[in-house]
Amino acid sequence: MRLVCLFTLLCLALPAQAEGFITRLLNKPVPGGVAVLDLGDGQDAPQVRYQGKPVLVIKEDGRRWIAIVGIPLTVAPGEQRIEADGRALNFRVGARHYREQRITLNNQEQVNPSPANLKRIERELAEQSAAYRQFSPRQPSNLLLDKPVDGPLSSPFGLRRFFNGEERNPHSGLDFAVGAGTPIKAPAAGRVILIGDYFFNGKTVFVDHGQGLISMFCHLSAVSVKPADELPRGAVLGKVGATGRATGPHLHWNLSLNDARVDPAIFIGQFRP
Ligand code: ZN
């Protein structure tokens, strides 16, 4: 009881604009990171856009509106700006070093696909890009996300990747080293917006957590949901596998905000600068 009272007093003693929990957790303004920007305490939620795309806005601690902006890996350090109700608001993006990773694949087709597979890849990319651009009005159930599997992190987000010596797209998500068949759980509530079986990603599930916060889970051995299913937080959506371009069973988890792939480690409190 005494502890609770002390905590209340401490909270009252803080200045009105002290950073809240979500801001402290998520504000990592680097390429592939997140910028959290204060939007004031107005009556209505400001409408925010970044690079022309709608941005997640919530009221933190019931007091102030904040914009939670995903920063693409391709953004160079320096000034960036959002538009909040048409008004420009600048923020600064710092630098982050991303390491290289060299992977050997026995299947050369997964490094330099045939023209027929390139057509398939292009089609699949368009389908997945459209899923990332969706923006539903619901507010995410939680922004400190649950780990989708219990297991150690393996390949981090943002690695610059070389397959058989050839540079390809950087690692757009976070890998967990867990065995085939491990159940994958929704890290927050959401709606299943896309299921596929893709050349690179294998069996894949997209979950829309609301306001542009979207998860993608790849290389599954089995999918246990269907499109338009509403998943409560923690619901099982499939099992870990090694389908698509994978050197062995693991879970690959992408997290997207305003159509920017960001480091999921931020959202589970495991960001390392
Ligand atoms: Zn991965």
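Everything numeric in this text was worked out from a predicted model, so none of it was measured.

Thresholds, definitions, all that
- Throughout this document, residue positions are counted from 1 along each chain, in the order its sequence is written.
- Residue-level local features of this predicted model are given only where pLDDT is at least 70; pairs of side-chain atoms are given and counted only at 80 or more, and the full residue set underlies all totals for whole chains, interfaces and linings.
- As a rule here, side-chain values come from all non-hydrogen atoms in the structure, and water together with hydrogens is ignored.
- By this definition, two strands are paired if DSSP reports at least two bridges between them.
- What counts as a helix is a DSSP run of H or I of at least four residues, what counts as a strand is a run of E of at least two, and both are numbered from the N terminus.
- The predictor's confidence in any single residue is recorded as pLDDT, a number from 0 to 100.
- In what follows, a contact means two residues having at least one pair of non-hydrogen atoms within 4.5 Å.
- What we call a nonpolar core is a set of buried Ala, Val, Leu, Ile, Met, Phe, Trp, Tyr and Cys residues that are connected through their side-chain atoms within 4.5 Å.
- For the exposure calls, accessible area comes from a 1.4 Å probe over protein chains only, and a residue counts as buried if that area is under 20% of its type's maximum, exposed if over 50%, partly exposed in between.
- For this document, the term salt bridge refers to a Lys or Arg side-chain nitrogen within 4 Å of an Asp or Glu carboxyl oxygen.
- When charges are tallied, Lys and Arg are placed among the positive residues and Asp and Glu among the negative ones, while His and the ends of the chain are skipped.
- Polar contacts, as counted here, are pairs of nitrogen or oxygen atoms within 3.5 Å of one another; within protein the pair requires one atom able to donate a hydrogen and one able to accept it, and residues that are adjacent in sequence qualify only if both atoms are side-chain atoms.
- Aromatic contacts are taken between Phe, Tyr and Trp rings whose centres are within 6.5 Å, Trp giving its six-membered ring; a plane angle under 30 degrees counts as stacked, one over 60 as edge-to-face, and the others as tilted.
- Working rule: Lys NZ or Arg CZ, within 6 Å of ring centre, within 35 degrees of ring normal, means a charge sits over the ring.
- Each domain's limits were defined by an automated method or a database of domain assignments.
- Buried area adds together the accessible area that both of two parts lose upon being put together, with accessible area traced by a 1.4 Å probe.

This part covers the sheet that holds strand S2 (residues 48-50). Reading across the sheet, the 4 strands line up as S3-S2-S6-S7 and stay open at both edges, with antiparallel pairing between neighbours. The open sheet is flanked by strand S3 (53-54) and strand S7 (87-93), the only strands paired with a single partner. Where S2 and S3 come together, 2 bridges link them in antiparallel fashion. Bridge pairing links Tyr50 to Lys53 in S3.

Okay, the confidence of the model for the protein chain next. Residues with a pLDDT of 70 or more make up 93% of the protein chain, whose mean pLDDT is 93. A low-confidence stretch, residues 1-16 (pLDDT under 50), is modelled with 2 contacts involving residues beyond four sequence positions or located in other chains.

Another point: the nonpolar core. Among the nonpolar cores identified, the biggest contains 40 residues, and Leu26, Val34, Ile68, Leu143, Leu237, Leu251 and Phe267 are the most heavily contacted of them. Looking at this core, the element that brings in the most residues is strand S19 (residues 251-257), giving 4 residues. The residues contacting Ile68, other than those within four sequence positions of it, are Ile22, Leu26, Val34, Ala35, Val55, Leu56, Ile58, Leu143, Leu257 and Asn258.

Judged from the 2 bridges that link them, strand S13 (residues 190-198) and strand S17 (residues 230-231) form a sheet pairing that is antiparallel. Looking at S17, one finds that Gly190 is bridged to Leu231. With 7 bridges joining them, S13 and strand S14 (residues 202-210) adopt antiparallel strand pairing. Across the sheet, Gly196 pairs through a bridge with Thr204, a residue of S14. From the end of S13 to the start of S14, which pair antiparallel, there are 3 residues.

This paragraph deals with the pattern of salt bridges. Where charged atoms of side chains with opposite charge meet at close range, the side chains can pair. Under the definition given, this model contains 15 salt bridges. Across the salt bridge formed by Arg92 and Glu79, the nearest N and O atoms sit 3.2 Å from each other. Residue Arg92 is found in strand S7, and its partner Glu79 is found in strand S6 (residues 78-84); the two are separated by 13 residues along the sequence. By relative accessible area, which is 55% here, Arg92 ends up exposed. Judged by its relative accessible area of 46%, Glu79 falls in the partly exposed class. A salt bridge links Glu167 to Arg160; the shortest N-O distance between them is 3.4 Å.

For Asn258, which is not glycine, the phi dihedral falls at a positive 40 degrees. Mapped onto the secondary structure, Asn258 falls in the loop between S19 and strand S20 (260-262). Of the residues examined, Asn258 reaches a relative accessible area of 7% and is grouped as buried. Within the chain, Asp259 stands out as a residue other than glycine whose phi angle is a positive 65 degrees. When you line up the elements, Asp259 lands in the loop between S19 and S20.

Moving on, we come to the side chain of Asp175. Along the polypeptide, Asp175 turns up in strand S11 (residues 174-176). Although Asp175 lies buried, it forms no salt bridge, and the closest oppositely charged side chain, Arg161, sits 4.1 Å away as judged by the N-O distance. Among the polar contacts made by the side chain of Asp175, one reaches the side chain of His252 at a distance of 3.2 Å. Not counting residues up to four positions away in its chain, the partners in contact with Asp175 are Pro152, Leu153, Ser154, Ser155, Arg161, His250, Leu251 and His252.

Another point: the packing of aromatic side chains. As enumerated under the stated definition, the model contains 6 aromatic pairs in all. Both rings, one in Tyr132 and one in Phe206, keep their centres 5.1 Å apart while their planes meet at 70 degrees; by these two values the pair is edge-to-face. You can see Tyr132 sitting in helix H3 (residues 115-132) and its partner Phe206 sitting in strand S14, a full 74 residues away along the chain. Three or more aromatic residues joined by ring pairs form one cluster here, namely Phe176, Phe217 and Trp253. One Lys or Arg, Arg102, reaches over the ring of Phe162 and ends 4.1 Å from the middle of that ring. The ring of Tyr132 is capped by Arg261, whose NZ or CZ atom sits 3.7 Å from the centre of that ring.

This brings us to the domain arrangement of the protein chain. A common way to state how big an interface is: give the accessible area lost once the parts meet. Considered domain by domain, the protein chain is made up of domain 1 (2-93) and domain 2 (100-267). Between the C-alpha centres of domain 1 and domain 2 the distance comes to 26 Å. Interface of domain 1 and domain 2: buried area, both sides summed, is about 1,600 Å²; carbon and sulfur atoms make up 74% of it. One can count 1 salt bridge joining domain 1 with domain 2.

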